[in-house]
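# Close look at the chain arrangement
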Amino acid sequence: MGNDLFGLGGLVKGLSAFMPKDNPDTKLFQLQTEINDMEDKEKELYAEIGKRVFPDVRDNPEFRDLIEEISFIKKKLGEAKVELEEVQATISDQKRMEEELLESRTCPNCSNYNPEGVKFCQECGEKLGDSEKLKCPSCGTVYTAGTRFCGECGSGLL
Ligand SMILES: [Zn+2]
Ligand SMILES: [Zn+2]
């Protein structure tokens, strides 16, 4: 006999020890769970049969309404997936823009976060803005002011 006190079996046994077996509420809950599980399984099995016989019945007029509905759902599903990708792309674009804005307002010299629209850091006077982004002349990697050597290619930056 394996000791699975900490496994699911043990947990369920442990719980049921606290719930009297002849308690109608407990019994009701158990039966509802069991029935739901079995009904789900039944649906899955019918769906599996449907998928397997689909190629044989797709031209059978008896199933025309259902086949038409499946085609309709497939079309809608494809459209929804395309739309989902577009929304995801929009969200990541927005995120990137927010990050860029955050970056353009954060002083490269002292890291002070400045209010929107200021051109110079209110803390140390460093020039702000992405137009002033420093790029390694050799490899194009962006670096912060005061960096002496490119972290990417090792070129001198001062
Ligand atoms: Zn600053
Ligand atoms: Zn470089």
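Attention in this report is confined to the structure presented alongside it.

So, on to unusual backbone geometry. Backbone geometry places serine 111, a non-glycine residue, at a positive phi of 70°. In this fold, serine 111 is placed in the loop between α3 (64-105) and β1 (134-135).

On to helix α2 (residues 24-57). Helix length check: α2 (34 residues) gives 47 Å between terminal C-alpha atoms against 50 Å at 1.5 Å per residue, within 8%. Along α2, the helix axis deviates most sharply at lysine 51, where the bend reaches about 35°; the proline proline 55 sits within four residues downstream. Little of α2 is tucked away, with 0 of its 34 residues classed as buried.

Here we come to the environment of asparagine 114. Looking at where asparagine 114 falls in the secondary structure, it is placed in the loop between α3 and β1. On the neighbour-count criterion, asparagine 114 (17 C-beta atoms within 10 Å) is partly exposed. The spacing of asparagine 114 and leucine 102 is 12 residues in sequence and 9.1 Å in space, taken between C-alpha atoms. Apart from the residues within four sequence positions on either side, asparagine 114 is in contact with Arg105, Cys107, Cys121, Gln122 and Leu128.

Procedures and definitions
Residues numbered from 1 in each chain as written. Chains lettered and ligands numbered in written order. Predicted model: local features only at pLDDT ≥ 70, side-chain atom pairs only at ≥ 80, totals over all residues. Helix = DSSP H or I, 4+ residues; strand = E, 2+ residues; numbered from the N terminus. Expected span 1.5 Å × (residues − 1). Bend = angle between axes of the 7 residues up to and from the residue. Buried ≥ 20, exposed ≤ 12 C-beta atoms within 10 Å, placed from the backbone. Contact = placed C-beta atoms within 7 Å.

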